[in-house]
Amino acid sequence: MSLTNPSPRSGAGAGAGQAPRPTAGGGAPTAIPGPAGLPVIGSLLDLRRDSLGAFLRAQREHGDVVRLEAGPPGLRSVFYAVFAPEGVQQILGTQAANFRKDHPLYEEVRQAFGNGLLTSQDDDYLRQRRLVQPLFTKRRVDGYAAAVTTEADAVTARWRSAADDVVDLVPEMNRLALRTVARILFGLDVEAAVAAIHRCAPVINDYVVRRAYAPLKVPRDWPTPRNLRTRRVTAELNALCDRIIAERRGATGDGATGAPDHNDLLSLLAAAGNEEDGTLDATEVREQVLIFLLAGHETTATSMAFTLHLLARHPGEQARIRAELTRVLGDRTPTAADLDRLPRLTRAFKESMRLYPAAPVVSRRAVEATEIAGFRLPAGADVVVAPWVTHRHPDLWEDPERFDPDRFAPEREADRHRYAWFPFGGGPRACIGQHFSMLESVLALAILLRSHELEAIDQDVPVAAGITLQATGPARVRLRAL
């Protein structure tokens, strides 16, 4: 797939060559439609080469509930994709208890990063959520604005002093987002944390994705080069977190809980507790930290990089946002209170997340058989919902490939189905850090766009689905300091 030129759209609706769709009168086809794929291996090659494009084609050719098969007999996987917002709402919202995080990808993330909020379930999840939720209130998150603006100011200073006026937004925003979340998590230990995460996280992420979709998995304890390398960097990252956690807990005075001497998020996690749920032990704190690094680093970096690249390709919209920044901020540093005062920038950011959602595909497993849109999904079925596809659904979005921030004007948002746009998920498992992501991104983008004008060099940037959406090529822009 391409950042600026995704696969061409076919017509909406059940046209020629498409499977019939269920009808309100009960005339649903008995079988869920889907691509035939190749003999023996089904859709395996299409999904491996370009899973996002394969999902788009499946919706356009077969409708909003699709059955896909991949792999040879004996190793074949069968799963169902649901694309209409009403079906997404059932899976993530109204019937969320029936759709669990038992997909192989979540199991691999769980093995690599621990059983934190992203992967835990049932009582473990509810207990963790109750303990961690107070750390993500609006008031608490707003207190992290200074860390965001400090790191964004450092980027603009580096851009001004650089000999070259061309930058690749992908590594630039990865660096910014990583430093920001590490500063908020680790405080004064930010430099050591950034170095370790930069070195270790890509190795672990690649390992997780490879194992999640491998038809045959090599046991983790076999001494293969990939197993050994992943084990080594995982141990390094765990040791870093454990050392800092031990220091923080020692600083509380009782070794477990109390008012932290530091104001970073790790110290607050180490001190979190209540009568009902007790406290998080050291392993649980580390697991939450690693999940926050995973969920709060790459996802935000992706969203910021794509927003800047889209604005670099649309200079008129970039100029309108810069005028808003001048009017609202002048020369002062933005604060959390400015988030609601920058609607033009916020709309552009939301439109970027529509076109390039950081979590393009979300997986679940059905506990019991369930009817969705007139089709019956069997018990035990692997089910995916795909923001990448729903955010481009021609019945929901006019000219869906066009960049149009005005789609997110308040009156147009109010008329739209709640699950037509869901970059942060939804229902009881909605992202706990979505306010932090919005705050970090809008404030950082405000500083970058106020200091530099961006002109796109790369018009097409290929993307692929990993744990998060990945740019697989450069997104270079030319900078002009203002």
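Described in the following lines is the structure provided in the data block. Owing to the predicted nature of the structure, the values given are computational and were not obtained by experimental measurement.

Re the layout of surface pockets
Next, step 1: A volume near 280 Å³ is recorded for the second largest pocket.
Next, step 2: What lines the second largest pocket is a set of 14 residues, among which Ala96, Ala97, Phe99, Asp122 and Arg429 lie closest to the centre.
Next, step 3: When residues of the lining of the second largest pocket are traced back to their parent elements, those giving at least two are strand E3 (99–100) and helix H4 (122–132).

Concerning the side chain of glutamine 121
Next, step 1: The residue glutamine 121 is located in the loop between helix H3 (104–113) and H4 in this model.
Next, step 2: Note on glutamine 121: relative accessible area 14%, which makes it buried.
Next, step 3: In this structure the side chain of glutamine 121 is engaged in a polar contact, spanning 2.6 Å, whose partner is the backbone nitrogen of lysine 101.
Next, step 4: Side-chain polar atoms of glutamine 121 contact the side chain of aspartate 102, separated by 2.9 Å.
Next, step 5: Residues within four places of glutamine 121 in sequence aside, it is in contact with Arg100, Lys101, Asp102, Arg110 and Arg429.

Focus on unusual backbone geometry
Next, step 1: Backbone geometry at valine 40 places phi at a positive 75 degrees, although glycine is not the residue there.
Next, step 2: Note that valine 40 resides in the segment before helix H1 (44–62).
Next, step 3: Positive phi, close to 55 degrees, is recorded for alanine 373, a residue that is not glycine.
Next, step 4: With respect to the helices, strands and loops of the structure, alanine 373 is situated in the loop between strand E8 (370–372) and strand E9 (375–377).

Rules and cut-offs
Residues numbered from 1 in each chain as written. Predicted model: local features only at pLDDT ≥ 70, side-chain atom pairs only at ≥ 80, totals over all residues. Heavy atoms only, no water. 1 Å grid on protein atoms, 1.4 Å probe; cavity = no way out; pocket = protein on both sides within 12 Å on 5 of 7 lines; lining within 4 Å. Points joined across faces, edges and corners; volume = space filled by probe spheres on them. Helix = DSSP H or I, 4+ residues; strand = E, 2+ residues; numbered from the N terminus. Buried < 20%, exposed > 50% of the residue type's maximum accessible area, 1.4 Å probe, protein only. Polar contact = N/O pair within 3.5 Å; in protein donor to acceptor, adjacent residues only side chain to side chain. Contact = heavy atoms within 4.5 Å.

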